[in-house]
Amino acid sequence: MSSAQNPVLPGTSISPAEPPAPEEQAAGSDVADRWYRVVWSSKKARVGIVVVAIYVLVALLAPVIAPYGPTDGSFTPLTGPSARHLLGTNVAGVDVFSQVIYGSRVSLLVGLLGGLLATAIALLIGLVSGYAEGTVVDDVLTFLTNTALVIPVLPLIITLVAYSDTRGIPLIVGVIAITSWAGAARGKRAQIITLRNRDFVTAAKFSGDGTLRIIFSEILPNMTSLVAAAFVGAATGAIGAEAGLAVLGLGSSDSVSWGTILYQADAAGAISQGLFAWVFVPGLVLAILITSMAFINFGIDLLSNPHLRED
Amino acid sequence: MRYFARKVGFFVLTLWAVVTLNFMIPRLQPGDPAELMVQNLVGKNAQLNRAQVEAMRDLLGAPSGSLFSQYWNYLGQLIQGNLGISYTYFPYSVAEVIGMAFWWTVILVGAVQVLSFAIGILLGAFAAWRRNSRFDTSVTVISTFVGTLQPFWIALLLIYGLGYGLGWFPTAGGYEASTPGFNGAFIYDAVSHAFLPALTLMIVTPIGWILGMRNTMIMNLGEDYIRLARAKGLPDRMIALRYAARNALLPSVAGFALALGGVLGGTILVETVFDYPGLGRLMGEAVGIKDYPLLQGLMLLTAVVTLVANLIADLLYGILDPRARRAAA
């Protein structure tokens, strides 16, 4: 899944983006260079941000927007779309449209938490490994990263989750995060190596700053755009992975997600019964969310690679 | 030589790590596998019978002794190709069950991967060469969107449209009318069943190649040797194919193996949706009925296949690109 569904694109991860020089950062007061303006300057990113904002609103306002509760099974089961039930009802007589609306909560939550956790792990491992380049610590961490990079993520996630009887969101988020940090960690290691020997780092060393301080307060601020891009990428992967797990019947047991809706639809033979909307809509809203997040990343790429800005 | 030694060394170490991980996964979980197994047989809330659990423990060849001796035992069994006994397909061993499904997936994924690679590389190279043309823009935009679609969802749509709607292709299983064997009827049967799963994967897998190839090729087109080639007045075609595309291809060779892991992952969901009798469906099944030995065997196999593919790609890369050898030395 991508992320799992969407693995690091071959050939793209090899070249670390050129980091902005520290001088440029200092000149950040120049209004034209503010990060949000750069991101917003990309048409794709604008579309992505607006769409994701709409999703967030829908998730927050789910109880207001959804006509019924996500588990309210008081309707005739297996009906097609109608005015009362825009997407019909499922086997248990639950309104599918309401499920789709509530499903946005799971996807966004898994994306946010999974993205944050995976990025944090990637940052820690990538930074330490890159800063300690050439030492045993680096060798061990690089080995760990390379190993994690070649193990197919989805089968591993499936195996880990399959063992657990209670499947809450925390378990799914945790498993996704600990299996999908590797690509980003490698990217960060590559970038810190290019940053480590810059003058401002040397200056900080001479002024007696400790290693941790140098990494986190001198080097890290220069990699914000890469971290942001990695976060969006990891969040996207986590959303896809959650959906994939749910389709296999390994979704969170206490909440409805778009993946679980698809699982229920598939299990109930929705397709052979002609209940098209039940299958079509959850996948579509998922695809639109993931596309929007990919679009946002186009905008973030402009930050780290000024060459792309002439659009 | 050092490059190759390093790559082989990394392969051995990763293999060991994967095997160890696979050994540890069930041991990190709470609960006794034999108890779980009996529980599954007799029902969730039924009273556990000690004798049953003991019998099951014997049957499963239950682990005994210290963790280390278990580990040693496990390695020994693995070397003999013994992955344990499948709960569901008892008395078949995991290796036998996997063997039955193996070729279905290998042929499906193999065909899809080779085709995807060829299509992706060609489209990507052409898009980069005609950068910012209408062709380039449409290829990039379509790829970006299609790349975000979930394979299982595409599968469901294809079943709905081409399967039920138009009735062109069977929507489930690997074959039906014929008996398996090397004859025309069976091959036709199998191919028509494989068509929709293959089409699903073919929609998704070339995307990575297209975008990766395009990016590398654009980067290469900005290099000095291309400028020199242009200055020498070499024909465009030659610059595009013999110079830029050839060099841009190199990173894709390494990417090919990594992508395999992704394809295998995607196959699990696609095969499950199509009920295609390959390794992916087997995994979906193993999850559903908690056949842990089977699940683990499949996980191990997937990882080992990806590792081997990676090693081959790495070695090939070292032969094709002398710079890689020097950089690693």
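Throughout this document, residue positions are counted from 1 along each chain, in the order its sequence is written. Here the convention is simple: chains get letters from A, ligands get numbers from 1, in the order in which they are written. With the structure being a predicted model, the display of local features is reserved for residues of pLDDT at least 70 and the display and counting of side-chain atom pairs for 80 or more, all residues being used for whole-chain, interface and lining totals. The basis for every side-chain value is the complete set of non-hydrogen atoms in the structure, without hydrogens or water.

Per an unreviewed UniProt entry, chain B carries the name Peptide/nickel transport system permease protein and comes from Kribbella shirazensis. UniProt positions are given in the numbering used here, feature names are shortened, and annotations may be inferred rather than shown by experiment. For the record of chain B, the UniProt heading Sequence similarities (unreviewed entry) holds the text "Belongs to the binding-protein-dependent transport system permease family."

Per an unreviewed UniProt entry, chain A is named Peptide/nickel transport system permease protein, and its organism is Kribbella shirazensis. Its UniProt record gives chain A the following Subcellular location (unreviewed entry) comment, quoted word for word: "Cell membrane". Its UniProt record, at the heading Sequence similarities (unreviewed entry), says of chain A: "Belongs to the binding-protein-dependent transport system permease family."

Draft legend 1. Structural detail: the domain arrangement of chain B. Residue and element names in this part refer to chain B. What marks off one domain from the next here is an automatic or database domain assignment. Domains assigned within chain B are domain 1 (1-80) and domain 2 (95-328). Domain 1 puts 17 residues into the contact, and the matching count from domain 2 is 18 residues. A combined buried area of about 1600 Å² lies between domain 1 and domain 2, and 75% of that area is made up of carbon and sulfur atoms. Defined here as a combined quantity, buried area equals the accessible surface (1.4 Å probe) lost by two parts on assembly, summed across both. Considering only the side of domain 1, the residues that lose the most area to domain 2 are Tyr3, Phe11 and Asn22, jointly responsible for 37% of the buried surface there. Any N or O atom pair separated by 3.5 Å or less is treated as a polar contact, with the protein-specific requirement of one donor-capable and one acceptor-capable atom, and with residues adjacent in sequence counted only for side-chain atom pairs. There are two residue pairs in polar contact (both at pLDDT 80 or more) connecting domain 1 and domain 2. Secondary structure elements are taken from DSSP: a helix is a run of H or I of four residues or more, a strand is a run of E of two residues or more, and numbering for both begins at the N terminus. Looking at the side of domain 1 that touches domain 2 element by element, the count peaks at 13 residues for helix α1 (residues 2-28). Here the residues of the side of domain 1 that touches domain 2 sort into 12 nonpolar, three polar and two charged. Two residues form a contact once any of their heavy atoms are found within 4.5 Å. Residues are grouped as follows: nonpolar covers Ala, Val, Leu, Ile, Met, Phe, Trp, Tyr, Cys and Pro; charged covers Asp, Glu, Lys and Arg; every other residue, Gly included, is treated as polar.

Draft legend 2. Fine view of the interface of chain A and chain B. Counting residues at the interface gives 48 residues for chain A, matched by 52 residues for chain B. We define a salt bridge as a contact between a side-chain nitrogen of Lys or Arg and a carboxyl oxygen of Asp or Glu at a distance within 4 Å. Where chain A meets chain B, there are zero salt bridges. Between the two partners, chain A and chain B, sit five residue pairs in polar contact (both at pLDDT 80 or more). Every element with two or more residues in the side of chain A that touches chain B is listed here: α6 (136-150), α7 (153-162), α12 (224-247), α13 (258-267) and α14 (276-304) of chain A.

Draft legend 3. Broad picture of the side chain of Asn297 of chain A. Summarising the element assignment, Asn297 of chain A is placed in helix α14. Once you skip the residues sitting within four places of it in the chain, Asn297 of chain A turns out to touch Ala228, Ala229, Val232 and Gly233 of chain A.

Draft legend 4. Representation of the confidence of the model for chain A in the model. The pLDDT value expresses, per residue, how confident the predictor is, ranging between 0 and 100. Scored by pLDDT, chain A comes out at a mean of 82, with 88% of its residues at no less than 70. The lowest-confidence element of chain A is helix α1 (residues 22-26) of chain A, averaging 43 in pLDDT; the highest-confidence one is helix α3 (residues 43-60) of chain A, averaging 94.

Draft legend 5. Highlighting the UniProt feature "transmembrane region" (unreviewed entry) in chain A. All names here are of chain A. As recorded in UniProt, the feature "transmembrane region" (unreviewed entry) lies at residues 47-68, 106-128, 140-163, 169-187, 226-250 and 275-300. What you have in residues 47-68 is 82% helix and 0% strand, and the ends, taken at the C-alpha atoms, are 30 Å apart. Regarding residues 169-187, the helix share stands at 89% and the strand share at 0%, and the terminal C-alpha atoms are separated by 28 Å.

Draft legend 6. Highlighting empty space enclosed by the protein. Here a cavity denotes a set of grid points, spaced 1 Å apart and computed over the protein atoms alone, in which a 1.4 Å probe fits but from which it cannot get out, and a pocket denotes an open set meeting protein on both sides within 12 Å along at least five of seven lines; residues with an atom within 4 Å of a point are reported as lining. Grid points are joined across faces, edges and corners, and a volume is the space filled by probe spheres set on the points. Taken as a whole, this structure holds three cavities of 30 Å³ or more when the rule is applied. One number sums up the size of the second largest cavity: a volume of about 60 Å³. In terms of lining residues, the second largest cavity is bounded by Val150 of chain A together with Lys7, Phe10, Phe11, Thr14, Leu307, Asn310, Leu311 and Asp314 of chain B. Of all the secondary-structure elements, those providing two or more residues to the lining of the second largest cavity are α1 and α13 (292-320) of chain B. Partitioning the lining of the second largest cavity into residue classes produces five nonpolar, two polar and two charged. Formed jointly, the lining of the second largest cavity draws a minimum of three residues from each of two domains, domain 1 (1-80) and domain 2 (95-328) of chain B.

Draft legend 7. Seen up close, the packing of helix α5 (residues 96-131) of chain A against helix α8 (residues 169-179) of chain A. Residues and elements named next belong to chain A. Their axes nearest at 8 Å, the elements α5 and α8 cross at an angle of 40 degrees. One finds that α5 runs oblique with respect to α8. Crossing of α5 against α8: the hand is right-handed. Contacts between α5 and α8 involve Val106, Leu109, Val110, Leu113, Gly114, Leu117, Ala118 and Ile121 from the former and Ile169, Val173, Gly174, Ile176, Ala177 and Ile178 from the latter. Looking at the contact of α5 with α8 residue by residue, the classes come out as 12 nonpolar, two polar and no charged. Angles shown run from 0 to 180 degrees and are taken between the N-to-C directions of axes, each axis being a line fitted to C-alpha atoms and, for helices, limited to the stretch in contact. Working definition: roughly parallel below 35 degrees, roughly antiparallel above 145 degrees, roughly perpendicular at 65 to 115 degrees, and oblique for all remaining angles. Handedness of each helix crossing follows the sense of rotation of the near helix against the far helix: counterclockwise by less than a right angle gives left-handed, clockwise gives right-handed.

Draft legend 8. Inspection of helix α6 (residues 134-147) of chain B at higher detail. Multiplying 1.5 Å by the helix residue count minus one yields the expected span of that helix. Along its 14 residues, α6 of chain B runs 19 Å from first to last C-alpha, staying within 8% of the 20 Å computed at 1.5 Å per residue. Taken residue by residue, α6 of chain B has Asp136, Val139, Thr140, Ser143, Thr144, Val146 and Gly147 of chain B as its buried positions. Packed against the buried residues of α6 of chain B are α14 of chain A together with α5 (94-129), α8 (184-204) and α9 (206-221) of chain B. Each residue gets one of three labels from its accessible area relative to the maximum for its type: buried under 20%, exposed over 50%, partly exposed in between, using a 1.4 Å probe on protein chains only.

Draft legend 9. Structural detail: unusual backbone geometry. All names here are of chain B. Although it is not a glycine, Asn132 adopts a positive phi angle of roughly 70 degrees. Counting through the fold element by element, Asn132 comes out in the loop between α5 and α6. Even without a glycine there, the phi angle at Asp275 is positive, about 55 degrees. By the element assignment, Asp275 lies in the loop between α11 (236-274) and α12 (279-288).

Draft legend 10. Highlighting the packing of aromatic side chains. Two rings from Phe, Tyr or Trp (for Trp, the six-membered ring) form a pair when their centres are within 6.5 Å of each other. A pair whose planes differ by under 30 degrees is stacked, one over 60 is edge-to-face, and the rest are tilted. Under the definition given, this model contains 17 aromatic pairs over all chains. Both rings, one in Phe143 of chain A and one in Phe10 of chain B, keep their centres 5.9 Å apart while their planes meet at 85 degrees; by these two values the pair is edge-to-face. With Phe143 of chain A in helix α6 and Phe10 of chain B in helix α1, the pair connects residues from two separate chains. Ring pairs connect the aromatic residues Phe276 and Phe280 of chain A together with Trp153 and Tyr160 of chain B, which therefore count as one cluster.

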